[in-house]
Each structure stands twice: as structure tokens, then as C-alpha cells.
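Listed below, chain by chain, are the residues.
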Amino acid sequence: MKTVIEPFRTKVVEPIRFISRQDREGVLRKAGFNLFNLKAEDVIIDLLTDSGTSAMSTEQWAQLMRGDESYAGCSSFFRFQEAVSSIFGFEQVIPVHQGRAGERILFSELVKPGQHVLSNTHFDTTRANIENNGARAVDLPERSNREFGGNIDLKAVVRYIDKVGSDSIPLSMITLTNNSAGGQPAALANILEYAAILKKYGIPFFIDAARFAENAWLIKRREHPELTVMEIVRRVFEVADGCLMSAKKDGMANMGGFIAVRSHELCSRLKQNLILTEGFPTYGGLSGRDLECIALGLFEAMDESYLLYREKSTFYLARRLLDAGVPLIDPPGLHAVYLDAGAFLPHLRPQELPGQALVCELYLEAGIRSCEIGTLMFGRTEEDTGEEIAHEVELVRLALPRRVYSQSHYDYVIEAIVNVFERKKDISGMRIVWQPQFLRHFSAQMEPKSEKLHGEAAALGLSGAYDKL
Ligand SMILES: *Cc1c(COP(=O)(O)O)cnc(C)c1O
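Residues numbered from 1 in each chain as written. Predicted model: local features only at pLDDT ≥ 70, side-chain atom pairs only at ≥ 80, totals over all residues. Heavy atoms only, no water.

Enquirer: Outline the packing of helix 12 (residues 304-323) against helix 16 (residues 407-422), supporting the account with residue identities and numerical values.
Expert: Between helix 12 and helix 16, the least distance of the axes is 10 Å, while the angle of their chain directions is 25°. As the angle between them shows, helix 12 and helix 16 are arranged roughly parallel. Handedness of the crossing formed by helix 12 with helix 16: right-handed. Along its contact with helix 12, which presents Ser313, Tyr316, Leu317, Arg320 and Leu321, the element helix 16 presents Gln407, Tyr410, Asp411, Val413, Ile414, Ile417 and Val418. Classifying every residue of the contact of helix 12 with helix 16 gives eight nonpolar, two polar and two charged. (Axes fitted to C-alpha atoms, helices over the stretch in contact; angles between N-to-C directions. Helix = DSSP H or I, 4+ residues; strand = E, 2+ residues; numbered from the N terminus. Parallel < 35°, antiparallel > 145°, perpendicular 65-115°, else oblique. Left-handed = near helix turned anticlockwise from the far one by under 90°. Contact = heavy atoms within 4.5 Å. Nonpolar A, V, L, I, M, F, W, Y, C, P; charged D, E, K, R; others polar.)

Enquirer: I'd like a rundown of the packing of aromatic side chains, residues and numbers included.
Expert: Applying the stated criterion across every chain yields a total of 15 aromatic pairs. Members of the aromatic cluster, joined through ring pairs, are Phe80, Phe88, Phe90, Phe212, Phe237 and Phe258. (Phe/Tyr/Trp six-rings, centres within 6.5 Å; stacked < 30°, edge-to-face > 60°.)

Enquirer: If you had to explain the domain arrangement of the protein to someone new, which residues and values would you point to?
Expert: Domain assignment breaks the protein into domain 1 (21-50 + 303-453) and domain 2 (58-300). Taken over C-alpha atoms, the centre of domain 1 sits 29 Å from the centre of domain 2. On the domain 2 side, the residues contacting the 21 residues of domain 1 number 23 residues. Summing both partners gives a buried area of about 1,900 Å² for domain 1 against domain 2, and 47% of it is carried by carbon and sulfur. The interface formed by domain 1 and domain 2 includes eight salt bridges. (Domains from an automatic or database assignment. Buried area = accessible area lost by both parts, 1.4 Å probe. Salt bridge = Lys/Arg side-chain N within 4 Å of Asp/Glu carboxyl O.)

Enquirer: Describe the sheet that holds strand 14 (residues 395-399), with residues and values.
Expert: As summarised here, the arrangement of the three strands in space is 9-14-11, forming an open sheet in which the pairing is antiparallel. The open sheet terminates on both sides in strands that have one partner only, identified here as strand 9 (336-340) and strand 11 (371-373). Along the sheet, successive strands turn relative to each other by an average axial angle of 30°, direction set aside. Pairing of strand 9 with strand 14 involves five bridges; the strand directions are antiparallel. Residue pairing in the sheet places alanine 336 in a bridge with alanine 399 of strand 14. Seen against the sheet, helix 12 touches strand 9 and strand 14 and runs at an angle of roughly 20° to strand 9. The strands that helix 14 (residues 354-366) touches are strand 9, strand 11 and strand 14; relative to strand 14, the one it contacts most, it runs at about 40°. (Pairing = 2+ DSSP bridges.)

Below you can see the structure in the form of C-alpha cells.
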């Protein structure tokens, strides 16, 4: 059979509320044109993130009942530890409430001011937690590898270590898949060679494992078809000294994460730190039932029929959009399709926030929530001149929650994007009317730049750019 079907049936349904176009305009305006401020029930298809949004399986729901909520030594912890150890090969496992808690604990133990931590690209919370300890988070992605866009640049790694000295690098990392670079995978060969370099210099190697199964699947598809996903995972992690994981991605859970390491000595330091803020080491800020869900979810994420369906869903969305001429990052990773908003709206300058204009337009068109990754997220406004400093790329991320939407939902998304693409010339830029000091994309207030906004249409709660819709 050529048709790839969802490898599951539906047992429980969550109704979608169809908010009218007119009401979408009203709530978008009220939200300051910032989709983080929308109520989720006002969204028809939610592609804001793949983090914590997975649908759980019947087995996971059943497992919830086994959750042992004892404060210390709960049996759920031992099942969790056994799952993590058997997959990743690390004996010491520390649960945390989500990925960034693990980052804070690990880096506050290992990283000192003035030091350097290398990676293909640090995820933003990873970078923030490294920098919060006074160290530098250094990104050394290998550019221009089409199949393995998540590779780390090995020559640059050696140059960097030689420049600053291995003593000032307390650990070195790789993010699988490379979330900040469009969810691109790193090749097994690249990971192994990187590990060998670090070993030679005596630098501990840690993996940010948020999408370990998706990375392993793309290694299987593009590099090692003869290996199973499980075998690839083993080969990747056996060369590492430890890993950090947000279980909200390939843990198939709605909350959770962990640190796993080989060293007993490091583990006991991490546990002392954990007790201060997260909780006792056999629950680490999670309930017993969360531990049960993750223990199973890690295996479900490695199921090859699931991964094939995941690949086909993302590639289907990307392929149909490319066929219609919509510019996007090609090939996509597995967790998201990234529209190139700069090329989609070439009449807008980066300072006019083309990504955010497109995000708003997709919501107005069809109630789709996506996420800007461009000047709103990574640019800044100069305090004295008010000048907007642009980011290097303007992207809109359509993240695919795991096991949540079916092909017809994606057909609906494709139709909406193609409709917007056909009338892209009418889309006006945006301006920021209020912003906080840090992480402005979460709470900034914006408005369309269209002149009419300040006229009668605005008084009616309709923006000039949108009153034709
Ligand atoms: C989500 C994510 C994190 C942080 O995890 P949270 O669970 O959101 O705290 C770290 N690294 C990567 C690659 C991620 O995708």
C-alpha cells in the first residue's frame, strides 16, 4: 500500500469550536495581535508548538492509574528510571518538571563565569541558563548540509577549543534535532566524530535529547537504513556522558523531563541541587503518574510506524505548500514546517514584522495559530532611536503536535495558507505599540501598519488591513 495512514484509531475526541471570522477579528485585536494572548478555545487548529501538546495513548492513560504518589521511593520512579536507562544507557536518572529545570540544575553545577559551552545550536532556554551562569553559549552549526542541517561544524569545534583552551569548556553539547535550525537532524557520523574530538580533549559530552527519536528516524532514512531506531539511539547515546531531555517533545507527555548521567559523583551533586527547588530525587517535581506516562511515551516515540506517519504528515504539508509556490525551509524536519515569511511577503521590510503579519493573517483566514520566529522574537528596538534591529531570518513555524491532527486538518491548513498566499500583496506590516524588556514576543502588543487603522474602521474594532475579509 502506498497510502500511509495514522497508526492509531480515535477513542476519545476533543471537540473543536468553530469561532466565526468576525469574532476572530475581535479577539485578535483584543489580544494586541499577539497570538500568545488568545484563549486556546478561540483557535481552530493550534500549531503554536509541539511541546506538551501530544495526545497520549490508551496505554499511557491506563498507566496513569499505576502512578505511585509516595513521596519517597515510589515504584513509578523505578519504572521511569528503568525505561530511561534501558533506552539511553545512563544509570543515573533524575526527573525534573520540564527541560529547562534540568538545564538550570546541570549548568549551575558545571558551568562557571567566563567559560564556554559549544553546541550545534543552543535552544533558547539552554542558552539563557548557560548565560545566567556567566558563561558563553557558542553555536557552531555546519552550514549547507542539506540532509543533515543539524550537524555541528567539527572543524570550527576544534578551532574553538584550541582558541579558548579545553580547560575553559566544562561540557560541550549537541541538540537533537536542531530545533533552532528548523528541526534539522545531525548525522550519526557527525555525532560520533564530535564525541571523539571531545574525548580527545577531555571535555564531557552532553546531548539535548528533546527530539532524540525524530533525529534517529532521520538518521535511519538518510544514513543508516540497515539499523533500527533503537539501535541508532543506543549508538548515539553510548558516546555521551549524559543527556538532558524535555519529555514534552519525544517523551509523548504533557509535562516532564530528566537529566541522565553516567557519573555517580556528578549525579549526587545534581540531586542536592534538585532537592532545593524541584523536589525529592524520586519524583523531581513530577507526580508518579507523570513518570509513568513518560516511561511509556519514550518507547512509543521510537515506534517506527509512528515515526513513518510523523514524517509523512510533515512532508505532506510541506510538499503541498511547495507545489503551490509557498516559500518554506526544505526539506523540513519532523516536528514543524517553517514558512519563509520574508519571501512570502517580499513587499515588507523585516522591521515591518512580516512573520507576525503572516501569523495574524493565518489566524484571520482560518483560525490557525502559528508562531513567528523572526524580528519579533529575536530582534530588538533601540532604546534611544526607536530603531528596530531586524533578525537575520523571518520565519513562521507551523509545529505539528504529536498524534493530534489528521490529514484533513492539514488539508484545511494548506488551503488557508494558499488562500493567503494568493492575496499576499494586500497584507500590511505590523508595528509594536508596547513591549516588555525580555522575551518580548510572549507579551508584546502590536497593530497593523495600515493607515485606515486610525480611521473609522479602528473605532469599529476592525483594522484597515482586515476590513475586507
Ligand atoms: C523544549 C526544549 C527545551 C526546553 O524544555 P522545556 O520542557 O520547554 O523546559 C530544551 N531544548 C530543546 C531542544 C527543546 O526543544
